[in-house]
Structures are given as C-alpha cells and as structure tokens.
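Here are the chains, one letter per residue:
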Amino acid sequence: QGRLVESGGGLVQTGGSVRLSCEASGMRFNCYLMGWYRQAPGKQRELVASVTSGGTTNYADSVEGRFTASRDNNKKTLDLQMNALTPDDTAIYYCKCRFTQWRADSDWGQGTQVTVSS
C-alpha cells in the first residue's frame, strides 16, 4: 500500500558500506516491530535485523557486528548501516512493519536491491 518507503540500495564493492533507509511515515500508528529482511536468489527470506518500539534489537548471526539497525520512533524510520559487505550479502532487502505484538499482520516494502561485487 506504499506505506513503507525504502531507499539506499545499489551496487557496492566487497568490503564497502551501504546504508538503507525505511520510512514508515504512512503508518497511522507506531509499528510494534520494524525490521529489515532479505531474500537472496534461491533462498528463503530471512531476518537481517529488527527493532521493537521499545528498542529491543535482534540480528542474524551472519550480520552481527557488521550491520547496525537504528530506529527513530519520532521520524518513523529504520536505518540499516551495512559494513564489511561480501557477495553473500547480495539480496533484495525488504522493510517490515509488524503492527502489534499479538498478531502477525505486517506491511512490507517493495524491496531494494543490494548487489556486492567481488
């Protein structure tokens, strides 16, 4: 429905950095959870990093220490700083807003491509 707007994807060299941004300004209410997920060719969509409205963070083991998710509840944004990128990070990255703690209903962004060249 266009309520989550993603930006920042593109082509980057191995070892480089990319910062993704998700803006949820179209949401009428605060998201219980905002997260970045990714889907690589031939693989299932997986969690990269998420932040609850209370500030609890969760990272995939594969990105721990390299990626940092930053949520601003006032701006309704979730940024993902991605450092030390490798070709294994190549994927379509999706922003997610889970509405409540009690239901799985969520909105998803359209996705933004991140390609890491070797």
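This is a predicted model, so every value here is computed, not measured. Each chain has its residues counted from 1, running along the sequence as written. Residues qualify for local features only when their pLDDT is at least 70, as the model is predicted, and side-chain atom pairs are given and counted only at 80 or more; totals for whole chains, interfaces and linings, by contrast, use all residues. Heavy atoms throughout the structure, all of them, feed into the side-chain values; hydrogens and water do not.

**Side note on the sheet that holds strand S3 (residues 18-23)**
- Between any two strands, at least two bridges found by DSSP are needed for them to pair. The secondary structure listing takes helices from DSSP runs of H or I that are at least 4 residues long and strands from runs of E that are at least 2 residues long, numbered from the N terminus. Taken together, the 4 strands give an open sheet; going across it, the order is S1-S3-S8-S7, and neighbouring strands pair in antiparallel fashion. Each end of this open sheet is capped by a strand with a single partner; those strands are strand S1 (5-7) and strand S7 (67-72). Taken over all neighbouring pairs, the strand axes of this sheet differ in orientation by 15 degrees on average, direction set aside.
- Two elements, S7 and strand S8 (residues 77-82), share 6 bridges in a ladder whose sense is antiparallel. To define axes, lines are fitted to C-alpha atoms, for helices over the stretch in contact only, and angles between the resulting N-to-C directions are given on a 0 to 180 degree scale.

**With respect to the state of the cysteines**
- Pairs of cysteine sulfur atoms within 2.5 Å are identified as disulfides in what follows. Throughout the structure, instances matching the rule amount to 2 disulfides.
- The disulfide partner of Cys22 is Cys95, and the gap between their sulfur atoms is 2.0 Å. When the S-S torsion is -80 degrees, as for the bridge of Cys22 with Cys95, the disulfide is left-handed. Of the two residues, Cys22 sits in strand S3 while Cys95 sits in strand S9 (residues 91-98), which places them 73 residues apart along the sequence.
- Using a 1.4 Å probe on the protein chains alone, a residue whose accessible area is under 20% of its type maximum counts as buried, one over 50% counts as exposed, and one in between counts as partly exposed. For Cys22, a relative accessible area of 1% puts it in the buried group.
- Cys95 sits in the buried class, given a relative accessible area of 0%.
- Cys31 shares a disulfide with Cys97; S-S distance 2.0 Å.

**Examining unusual backbone geometry**
- Notably, Lys76 is not glycine yet its phi reads approximately 60 degrees, a positive angle.
- Within the secondary structure layout, Lys76 lies in the loop between S7 and S8.
- Although it is not a glycine, Ala84 adopts a positive phi angle of roughly 50 degrees.
- With respect to the secondary-structure elements, Ala84 resides in the loop between S8 and S9.
- Owing to a relative accessible area of 38%, Ala84 belongs among the partly exposed residues under this scheme.

**A closer look at the environment of Thr100**
- Considering the arrangement of structural elements, one finds Thr100 in the loop between S9 and strand S10 (106-108).
- Thr100 gets classed as partly exposed once you look at its relative accessible area, which sits at 31%.
- In this structure, the C-alpha to C-alpha distance between Thr100 and Leu33, residues 67 residues apart in sequence, is 7.6 Å.
- Polar contacts, as used here, are pairs of N or O atoms within 3.5 Å; protein pairs need one atom able to donate a hydrogen and one able to accept it. Residues neighboring in sequence count only if both atoms are side-chain atoms. Separated by 3.1 Å, the side chain of Thr100 and the backbone nitrogen of Arg103 make a polar contact.

**Observations regarding the pairing of strand S4 (residues 33-39)**
- Of all the 7 residues making up S4, 6 are buried; the element is thus mostly covered by neighbouring parts of the structure.
- By the bridge criterion, 6 bridges tie S4 to strand S5 (residues 46-52) in an arrangement that is antiparallel. Following the sheet pairing, Met34 is matched in S5 by Val51.
- Counted along the chain from S4 to the antiparallel partner S5, the turn is 6 residues long, and its residue Gly42 has a positive phi close to 75 degrees.
- Looking at chain direction, S4 and S9 are connected through 7 bridges and run antiparallel. Residue Tyr37 lies in a different strand from S9, and its bridge partner there is Tyr94.

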